[in-house]
Amino acid sequence: MIIQYVSPDLYISENVAIVASSPSVLNGVHGGFIDEFDDVIRFNRSPVEGYEVSVGEKTTLRVTNQHVFANIPHETVENWTAKGQPADFVKNLRNTKVLMIGPQNNGEEWKSRDKNIHDSCEAYLADYSSVVHICDIHGKSHRRPSIGFGIIHLCIISGIIPSLFGFGLDDEFAQHYWEDKGTHMSHHYKHERAAIRKLQEKGMVIVYE
C-alpha cells in the first residue's frame, strides 16, 4: 500500500509491525514473531542489538523526528548522548528506508538530507502539519503528537491495520526500553494511549503487550 501524506511514494505491506520504545516491550518474547512481518517499523534511535528476544532484529523502515534525522540536540533533553542517544545513529544506518516526520520541504533538515543519511538509504518526508491534522485528538492540546501516533494514523488512513508492539498503553510515563529519559513528556501520551485503545476496540489496530 502507498502511505498517504508521504513523499516520494512510500510502499508498506499490509502485514506490518510497528515496534515502539516502551520498557513494556521487554516483558514479552515477541522478537521472532516481529521478524516474521513483511515490514517492521522502528523509531528514532531505538536499538535492536542486545534486545532481539523482545524486539526482533528486522527493520524495514526507520521513522524519525527532525532532531534525530538531522542530528540536532533536542532542547528539552540534557546530555542526550549520555542517555543512550548515539549522535550519528541515523547517519550510520545502511540500506534502510528512513521517514522523517517533520517540517515541510523548505525545512533545513529535509534540504540537507543527503548529508544526514548514507547514500545506501532512502529518505522520505511526511509533512508534520498533515500528521497533526489527521491526529485529531490533539485538537484541544498544545502538545505535538508523537511520531509513533502519527505513523499509526498514516497506516490507518492508507488502509492498513498495523500490529503494535511496545506502546506501553498501561505505563504512567513515556520511557525507553534502553535508557532512562526521565519524566519529561513532550507529547500528550495519556490521550494517545486512550485513543489507541479505542482504535483497538474498533479493530483498526492489533495490540500486543
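Rules used throughout
- Residues numbered from 1 in each chain as written.
- Predicted model: local features only at pLDDT ≥ 70, side-chain atom pairs only at ≥ 80, totals over all residues.
- Heavy atoms only, no water.
- Helix = DSSP H or I, 4+ residues; strand = E, 2+ residues; numbered from the N terminus.
- Buried < 20%, exposed > 50% of the residue type's maximum accessible area, 1.4 Å probe, protein only.
- Contact = heavy atoms within 4.5 Å.
- Areas by Shrake-Rupley, 256 points an atom, 1.4 Å probe, with all protein chains shown as cover.
- Salt bridge = Lys/Arg side-chain N within 4 Å of Asp/Glu carboxyl O.
- Core = buried A, V, L, I, M, F, W, Y, C linked by side-chain atoms within 4.5 Å.
- Phe/Tyr/Trp six-rings, centres within 6.5 Å; stacked < 30°, edge-to-face > 60°.
- Axes fitted to C-alpha atoms, helices over the stretch in contact; angles between N-to-C directions.
- Parallel < 35°, antiparallel > 145°, perpendicular 65-115°, else oblique.
- Left-handed = near helix turned anticlockwise from the far one by under 90°.
- Nonpolar A, V, L, I, M, F, W, Y, C, P; charged D, E, K, R; others polar.
- Pairing = 2+ DSSP bridges.

Draft legend 1. Expanded view of the overall build of the protein chain. When helices and strands are counted, the protein chain shows eight helices and eight strands. The buried share among the 209 residues of the protein chain stands at 50%. Taking the contacts inside the protein chain whose residues are at least 6 apart along the sequence as the reference set, 67% of them involve residues at least 24 apart. Of the roughly 10400 Å² of accessible surface on the protein chain, 48% is carried by carbon and sulfur atoms.

Draft legend 2. View of the pattern of salt bridges. This structure, assessed with the given rule, holds one salt bridge. Residues Lys111 and Glu108 are paired through a salt bridge, measuring 3.9 Å at the closest nitrogen-oxygen approach. One end of the pair is Lys111 and the other is Glu108, both in helix α4 (residues 108–111) and three residues apart, which spans about a single turn.

Draft legend 3. Examining the nonpolar core more closely. Residues Ile18, Phe43, Val63, Leu99, Ile152 and Phe167 are the most contacted members of the largest nonpolar core, which totals 35 residues. Elements supplying a minimum of two residues to this core: β2 (16–19), β3 (39–43), β4 (61–64), β5 (97–102), β6 (122–127), α6 (128–134), α7 (147–157) and α8 (189–201). Considering each element in turn, this core owes the most residues, seven residues, to α7. With sequence-adjacent residues up to four places away left out, Ile18 is seen in contact with Ile41, Phe43, Ile151, Ile152, Cys155, Pro162, Ser163, Leu164, Phe165 and Phe167. Counting residues in hydrophobic clusters, the runner-up holds twelve residues, among them Phe69, Val98, Met100 and Trp110.

Draft legend 4. Molecular detail of the packing of aromatic side chains. Inspection of every chain in the model, using the stated rule, returns seven aromatic pairs. Here a set of aromatic residues connected by ring pairs shows up, and it is made of Phe33, Phe37, Phe165 and Tyr208.

Draft legend 5. Representation of the packing of α7 against α8 in the model. Contact geometry of α7 with α8 gives a least axis separation of 11 Å together with a crossing angle of 25 degrees. When the axis of α7 is compared with that of α8, the two are roughly parallel. Seen from above, α7 lies across α8 with left-handed handedness. Residues Phe149, Ile152, His153 and Ile156 of α7 touch α8, and the partners they reach there are Glu192, Ala195, Ile196 and Leu199. In terms of residue class, the contact of α7 with α8 is made up of six nonpolar, one polar and one charged.

Draft legend 6. Up close: the sheet that holds β6. If you walk across this open sheet you meet the eight strands as β1-β6-β5-β4-β3-β2-β7-β8, and the pairing is mixed. Each end of this open sheet is capped by a strand with a single partner; those strands are β1 (6–7) and β8 (206–208). In this sheet, strand β7 (residues 163–165) lies alongside β2 in parallel orientation, the contact comprising three bridges. When the sheet's bridge partners are listed, Ile18 is paired in β7 with Leu164. This element, α7, spans β1, β2, β3, β4, β5, β6 and β7 of the sheet and lies at about 150 degrees to β3.

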